[in-house]
Structure formats: structure tokens, C-alpha cells
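Overview (structure and organization)
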Amino acid sequence: MSSIPHDHVAGHAHDDHAHHPSGIMRWITTTNHKDIGTLYLWFSMIMFLAGGVLALTIRTELFQPGLQIVDPEFFNSLTTLHGLIMIFGAIMPAAVGFANWQVPLMIGAPDMAFARMNNWSFWLLPFAATLLISSFLVPGGAAAGGWTMYAPLSVQAGMGMDFTIFAVHILGASSIMGAINIITTILNLRAPGMTLMKMPLFVWTWLITAYLLIAVMPVLAGAVTLLLTDRHFGTSFFNAAGGGDPVMFQHIFWFFGHPEVYIMILPSFGIVSTILPAFSRKPLFGYASMVYATGSIAILSFILWAHHMFTVGMPAAGQVFFMCATMLIAVPTGVKVFNWVATMWKGSLTFETPMLFAIGFIFLFTMGGFTGLVLAITPVDIQLQDTYYVVVHFHYVLVAGSLFAFFGALLALDDLLQRDVLPDAFSRPRRHAAPHSRLRDAVCRLEHGRIDRRVRLWALADPLPLHGSESDSIRAAGACQAMGGVGHAGVDTALAGAVPHLRDAARGGLIERENCAHE
Amino acid sequence: MDRIDTASAATEIARRMGHAALAASLLASSGAVYAEREYNLQTPVTSIAAQIFDLHTYIMWTCVVIFVGVFSVMFYSIFAHRKSKGHQAAQFHENTMVEIVWTVIPFLILLFMAFPATKTVLAMKDASVPDMTVKVTGFQWKWHYDYLDHGFSYVSNLTTPDAQIHNREVKGEHYLLEVDQPMVVPAGKKVRVLITAGDVIHSWWVPAFGVKQDAIPGFVRDSWFTAEKPGIYRGQCAELCGKEHGFMPIVVEVKSADDYAKWLDAQKKKSAASVDDPNKVWDPNDLIARGAKVYAANCVACHQATGKGVPGAFPALDGSPVVNGPKDAQIKIVLNGVVKDGEPTAMVAWKNTLSDTDIAAVITYTRNSWGNHTNQAVQPAEVKADRS
């Protein structure tokens, strides 16, 4: 037991002698998951503003009928780029940013599994974004065929489309690398004792999201590559005159596109499932069913893509199948909403800003769910497809859904930073996870995994023993102490009893996989 | 934007707000008022559209019930289970029975939605035994109606004046929803529409009929409707198809059987009369006058009314070496389109769309308009000779 602080000091002494780039090089060369998470969040913020400017221009033009400030072609570019920027530039990177920040902390990993690849997958993004946005400046303007890039309209388009295609390639590569990193981290770097069914729900949703990303981003890359060869190399994948089929593009695109929708919302489910219990002072209701619901949503998301294509024309059997598969999604999604409501039920609620965002999320996301149910009904969809109804539906899901959750998470995260509960990436550049000096590395690692459901746990006395007896020794030390408040002695005792092997892991290297006989 | 428009926009907003208030009060008392409600689907005039309307109403009310159920629970706990009221948190975190119940019940609700929806899907798909067939082809940016049973066809173009679009005039009642020649069908007859496209994907949508079918280049899809009531029904292209996507409305005029027969007769005579003799020698001024119309209907979207094109996208005709050069080269470009690197460009081949006379007229027009003064006329026979 007494060797824990000793090793800790030795570890840091070594660390402090290493070279740490400063200034801009610190951010360019960083492999610290929190630094990279911060970069992702800043990038996402900038892109959010960029996409927002496009949206404002769209709304200004639409303020009254007739042409006011932009031409129709430029208007189409605005809607197209608004979609691409918000999806690939704002929502997805924000989710990866939160994953970078929280996943290693929540599962007790020293850093992401591939720290350097993590750096690379972030630094691809600014280049892709530059490519995408600079397409406004090329002859013919930016892509104007909608974010779905349907052929043959996109085959007809100017050079801006090629910029978009390459930007999508780069963004896809970045997402795939990020996803591989997250999966590897979650599956291999969990602290001993952190079994899959003990993982915080945010980690679960990201694990599933990452699998979806790996499954579908290559499909999108394939679709836009076929588009590229149709445009420049004389192929006819999407040209009926050459034996191709324009509808095939839509099938390939939506096979990516529908899971993509869940890629954007699942991390938010995880965030809300983290915020709600914290401010309800009550364990998350139905943890296991939440995990199963997330899994079912992910699996179902692969077999309902053609509900985006009901008006394209398909056999009645196809329409009925895709209608039913789509309606089935409502079951696990409903389970989630019910679980959230049940989590609040008989809690002890307070309404700090993250909680307000979480409640807003549930309320408005459910609106998105209801409109989704209406759209699932094939005959009704025939009327509503390609109208503002669909636009409203997915903005309920993406703005009031994903974005609200991210705002909530950001505020909760910021709150923890302000209170010195979480280690601060800004003040402590490190090559590896840099827990706050007042925390034992091992405590920090263990803590976030064990008592994840309490975002502001240090202020709350004794919440959430969801994982049963295993957390008792930690709780005996007091949540306040465990999160680095005051008085470490109790924590040391508790730790030594609970997880003696963490001593080695505290060095910041990979955690040895032990068979956890002591548990 | 001028002052009149601001005023009319304000009136419009006031009118809509009035509608909404009226509708809200109506909604409270009755669910069966269709007409003129701008917040719901259009008043159906076919059985399919009526089924869709009812399905939507049914599902929406189901959602409202679920919504009220779920959120009254949530708002009750927001109200009653607050820390500020001193409520102590319970510590329960699962209940298998409850979880099974709230998985099974939604499933059953969905079954009750899926059955009527499936019936409607099957009805929509049954395009068999039509009374008549019309082929609809979407082009950038107009619709082409081909009456296959009677052998005539025509193009339907937007008629909303440019001045209205650019806010120089007050907008008409059917702003952007008016065309020169609507599709005309008889009431009470089953009309099968074969839908395809000539360039990119469009979508033929008439909300009152409950028909929306994408028009896919190279493939023919079908749909059908039986309009119960004579009238004029308006829709829009519903699939983003480029720059003028918002300017290619669909207007269908449903006539009584007698009126339809008269219209059909007139249309047949007109189409017989309009077949031009390609060997006729025209007066250049007549050619220019006709060419101006052809240009306005087919060329103006890209090359612009000024003949200046759009720099970087569509070349100018005004001062163009092709238009001011040998006639033959220009005829061939208009006939066959421009192919660059083996790929067709936005300059499509017009040989199947326009007659020899139309092509001769439009070429003559371009050669004698704006800054072009070739003083040359192209006769239909020259075009005919260049068709290969």
C-alpha cells in the first residue's frame, strides 16, 4: 500500500523530464486524449458556426417568397453544404470529442489505445473542412445537389462536387480511424473489474456507434468513389444509358445514410443517460435494457434504409417490409424514453443547465420520434417525402436531440473542470492521461468507471450503487474523497483492498490484463 | 423588395395567423373540417389521398395520446419529485415486469398501425386496368405530357412572370404554381401515369391525388389516380433537380367527361395542324419571331434572356464564335449537343425534342439577336440535311 504514492511520484518525476512541445506544436503533436478531445470540440464549434451562417442565409432568403439575396443555384449550395458541414463537421466530431474526453476516464484507461492515430484522425479534419468550404470559391460554386449527392444531378455538377467527394473521403478516413481507436480502447483497456455490463452507458453507446461507423463509412466512400469515376473516368454506374442505375446510388447512399442517423444520435443517448441520473440523484432505470435497446437500434438500422426511398418506386412487398422494419425502431427507442422518464420518477430533481438540456432532449427528441413514426407509414410518407415535414423531423432529432445533449455534456464537463473534479487538459500538457495532481492516477481511473452516473458526484453524498457490492469499498471512502475532494487516506485504504494490481497500471502504460481473481 | 410587397407579406402573415386561430378552435370541436386548412394535408380528391389523410390523422392522434401519457408522468415528477421540495430520491433501478410491458404494448400499437397502412400500400400499387395512360417526362426544368392513347404531346412550362419572382410585381394567387398547358384528365376515370425523366431525377407530385413518384432517367415507373372532382390541382417537383427545381410546377386540370372530350378533340386538331413541313421556305422575320419563343421555352434557363449565359457554367451566345461562324457547326451542336471527354454536358442534344423548324427558328433567332448580326436565316431543310 505504501508503495502506491512512491511509484506515483517516481512516474511523474520521469514524466516531467520528458520534452513537452509548447505553443501551437503542443496541439499539433499532442497524443493526450483530453487535448485531442478538446481539439475535436473546438473544431466542431467552429464548423457549427460555419454551418449556422449558411442556415441563417437560407432562412434570410426564405423570409418571404421570391428571390431576395441569393440565386437559386447558390441557395442549393447553401443547403447542401449546411447539411454536410453540420453532419460531418459539427455533430460527428463533437461526439468523437466527448468520446476522447470521457471514454478513457470512464473505463479506467490511461489514454486511447492508439494515441498517435488519435492525433492523425483529428488533424485530418481541418484539411477536409477547408476542402469542403473552399469549394464555394471554385468555378460553378460548391456542390448543389443536396447533402445526399444523388446521381445523376451530382454527375452533372461542377468542380465543387469533386471537392466535396474528396472531403467526404478524408472525413470518412478520420471517422474510421476514430472508431477503430474507440473500439480498441473499450475492448482492451478497461480497468480490471470493469466488465462490459458495468460500463457507463455513454461508453456502451459509443462502442456501438463505433461499430456502425466502421460498417458504413466505407460504404459512403464507395458510393462517392463510384460517383467520381462516373464523373471523370467514363464509367456508367449511375447512368442508365450505359447500363447503370441512378437508383443504385440511393441504395448505396442510404445503406450508409440510415446507420449514420444513429451514429449521430446514439452518443447523445449515452450523454443523456449520464446527465439524467446525476441530477435526479437516482440510478439510471433499466441499465441492461438500455444496452439492449441501443444494440437493437443499431442492428435494425441496417435493414431499413429504403424508407428514404418510398417515392422512388419499389414492389409493394419492399414497401411493406421497410415500413415494418422502420416502425420496429420505435420499440427500442420507446424503451429508452420510458427508461429516462422512469429514472426521473421519484428522484430528487434539480434543474441545473445540463439537466435542462437533458429534459429538453427527451421532450423534443420524442417529437422527432413521433414524426419519424408518421414518416414510417409508407402511404403517408408518399405525401410527406421531400417536404419540410422531413426537414423538421430530422432537425428535431439532430438539433433538439444530438445538439442539446452535447450542450448539456459540455456544460457538465466544464462544470467539473471548474471545480477541479476533472483533470484539466489546458493546464497540464502530457503525453498521456494527466489526472489532476490531487488524485491518485489509479483512483481517477477507477473512479470514473465506477461511479460514472454521477456527473457531479462529489457534491452528492451517497448515490447510485448500480454495480452492487464491488463499489462498496470505494463508497466507504466517501464519494467526495474518491473524486479528489479532500482526505486521500481513506481512498488509499479502500483502493489497496479493492484493486491492488492497479499499482502498475498507474504508471500510465497499458493495463495488464489480469484474470481478476481477487474480485 | 418594394413597399407593396412588405405590405402584402404582412397581410399574408395576418391571414395565416387567422387561419391558425380559426383552425385551432375548429380542431377543438370537430376533426372533420378539411377545407382550406393550410397546416394539414391538402383536401383529398382521390380515394388514395383520402386513405392517406385518414391514416395520418389516426397515427397523429395515437401519437398525441402516447405523448400525453408519457409526458404527464415526466412533468408530474418534475413538479413533485424536486429536491427543492425536499423529495428524497428512491433507489430502484429496474423492474422486469414494467420493462416487458412497455416493450410489448408499443409493439401491439404498431401492429394496429401497420395493418391499415399495408392495405393502402397494396391499393396504391394496383395500377391495373386503367382507362387511359399518360406518359410524364421530367426535364430540367419542365414537364412533358405524352397522351399515348391519342398520339399527341406537349410541354408544360411555368408561366409566373420573372417580375413576380424578382419582387418587381405583386405576386399572383398561384405564384410558382401556374403553367401554360396543364395536364388534362377526365373526372372519375382511372388514369395511369408512366413517369420518367430525360436528364436527372425529378418527382411528380400532386398532393390532392396522393401521388408522388420519382421520375428516374432511363427507367419508367408508374402510378395511378382517379380524380373524383373536376377542378385544377397543383403540385411541384419534389426531388431536387438543379437550379430551377422550384420553378417546375405540376398543374392537373380535371374536366368533366364532356369537357374532356372537347379538349381532346381540339388538342388532336391542333397537333395535326402544328406539324410543320420541313421543306417549307420561311421568311427570316417569321423564323426569328418563332425562334424567340423556342428560345424562351428551352434555352433561356442556361443561356439567359440576355444571351450572356452564366460565366463559368453556361457559355454566352452573344458574340459567340459558333453563333457568328458557319451555320453548319451551330446546327450540329444544337442537334447533337456538346460532348466533352466522352461525357454529355449540360448542352443536351435537341434532335429528339425539337422539330427541324423549331431548331431552324431558334438558330436564326440567336444569329440575329443581341450583338449578333449575321443577317443569315437557317431554313428547316438545312437542319433536316444535317440530321444523320
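Residues numbered from 1 in each chain as written. Chains lettered and ligands numbered in written order. Predicted model: local features only at pLDDT ≥ 70, side-chain atom pairs only at ≥ 80, totals over all residues. Heavy atoms only, no water.

1. Here's the deal with the overall build of chain A
- In terms of regular secondary structure, chain A is built from 20 helices and zero strands.
- Per-residue burial over chain A gives 63% buried out of 519 residues.
- For chain A, the share of sequence-separated contacts (at least 6 apart) that also reach a separation of at least 24 residues comes to 79%.
- In the form shown here, chain A has an accessible surface area of approximately 17700 Å², with 69% of it arising from carbon and sulfur atoms. (Helix = DSSP H or I, 4+ residues; strand = E, 2+ residues; numbered from the N terminus. Buried < 20%, exposed > 50% of the residue type's maximum accessible area, 1.4 Å probe, protein only. Contact = heavy atoms within 4.5 Å. Areas by Shrake-Rupley, 256 points an atom, 1.4 Å probe, with all protein chains shown as cover.)

2. A look at the sheet that holds strand β4 (residues 183-186) of chain B
Residues and elements named next belong to chain B.
- Strand order in the open sheet formed by three strands is β4-β10-β9, and the pairing between neighbours is mixed. Each edge of the sheet is formed by a strand with only one pairing partner; in this case those strands are β4 and β9 (231-236). Going across the sheet, the axis of each strand differs from the next one's by a mean of 25 degrees, ignoring polarity.
- Bridge analysis of β9 against strand β10 (residues 249-255) gives six bridges, and the strand direction is antiparallel. Across the sheet, Gln236 pairs through a bridge with Pro249, a residue of β10. (Pairing = 2+ DSSP bridges. Axes fitted to C-alpha atoms, helices over the stretch in contact; angles between N-to-C directions.)

3. Description of a nonpolar patch on the surface
- A cluster of nonpolar side chains, contributed by Leu328 of chain A together with Tyr58, Ile100, Val104, Phe107, Leu108, Leu111, Phe112 and Phe115 of chain B, occupies part of the molecular surface with about 850 Å² of accessible area.
- For the nonpolar patch, the element with the highest residue contribution is helix α3 (residues 96-125) of chain B, accounting for seven residues. (Patch = residues over 30% accessible without salt bridge, like charges linked within 9 Å, V, L, I, M, F, W, Y side chains within 5 Å. Salt bridge = Lys/Arg side-chain N within 4 Å of Asp/Glu carboxyl O.)

4. Looking at the domain arrangement of chain B
Residue and element names in this part refer to chain B.
- Its domain assignment divides chain B into domain 1 (47-124), domain 2 (132-274) and domain 3 (284-387).
- Centre-to-centre, using C-alpha coordinates, domain 1 lies 41 Å away from domain 2.
- Facing the six residues of domain 1 at the interface are six residues of domain 2.
- Put simply, domain 1 and domain 2 have zero salt bridges between them.
- Counting across the domain 1 and domain 2 interface gives two residue pairs in polar contact (both at pLDDT 80 or more). (Domains from an automatic or database assignment. Polar contact = N/O pair within 3.5 Å; in protein donor to acceptor, adjacent residues only side chain to side chain.)

5. As for the packing of helix α11 (residues 316-328) of chain A against helix α12 (residues 330-344) of chain A
All names here are of chain A.
- For the pair α11 and α12, the least separation of the axes is 5 Å and the interaxial angle reads 15 degrees. One element, α11, and the other, α12, form an angle in the roughly parallel class. Where α11 abuts α12, its residues Thr326, Met327 and Leu328 lie against Ala330, Val331 and Pro332.
- In the contact of α11 with α12, the residues fall into five nonpolar, one polar and no charged. (Parallel < 35°, antiparallel > 145°, perpendicular 65-115°, else oblique. Nonpolar A, V, L, I, M, F, W, Y, C, P; charged D, E, K, R; others polar.)

6. Focus on the interface of chain A and chain B
- Each partner contributes residues to the interface: chain A has 82 residues there, and chain B has 75 residues.
- For the pair chain A and chain B, the summed buried area comes to about 6800 Å², and 71% of that belongs to carbon and sulfur atoms.
- When the buried surface of chain A facing chain B is broken down by residue, Phe285, Phe338 and Gln383 of chain A rank first, second and third, together holding 10% of it.
- Summed over the shared surface of chain A and chain B, the number is zero salt bridges.
- Counting across the interface, chain A meets chain B through 24 residue pairs in polar contact (both at pLDDT 80 or more).
- Contributing elements (two or more residues each) for the side of chain A that touches chain B: α4 (72-107), α6 (153-156), α8 (201-232), α9 (246-280), α11, α12, α13 (353-376) and α14 (378-384) of chain A.
- Element by element, the count of residues in the side of chain A that touches chain B is highest for α12 of chain A, at nine residues.
- Here the residues of the side of chain A that touches chain B sort into 49 nonpolar, 25 polar and eight charged. (Buried area = accessible area lost by both parts, 1.4 Å probe.)

7. A look at the sheet that holds strand β8 (residues 221-225) of chain B
All names here are of chain B.
- Strand order in the open sheet formed by five strands is β3-β2-β1-β5-β8, and the pairing between neighbours is mixed. Edge positions in the sheet fall to β3 (152-156) and β8, since each has one partner strand and no second. Across the sheet, the mean angle from the axis of one strand to that of its neighbour is 25 degrees, orientation sign disregarded.
- In this structure, strand β1 (residues 132-139) lies alongside strand β5 (residues 191-197), joined through seven bridges in parallel fashion. When the bridges of β5 are listed, Thr137 appears paired with Thr196.

8. Focus: the pattern of salt bridges
- Counted by the stated rule, this structure contains 11 salt bridges over all chains.
- Between Arg231 of chain A and Asp162 of chain A there is a salt bridge, with its nearest N and O atoms 2.8 Å apart. Note that Arg231 of chain A is positioned in helix α8 and Asp162 of chain A in helix α7 (residues 160-188), a separation of 69 residues in sequence. Of the two residues examined, Arg231 of chain A and Asp162 of chain A, each falls in the buried class.
- A salt bridge links Glu244 of chain B to Lys243 of chain B, with the shortest nitrogen-to-oxygen separation between them at 3.0 Å.
- Residue classification places Lys243 of chain B among the buried positions, given a relative accessible area of 16%.

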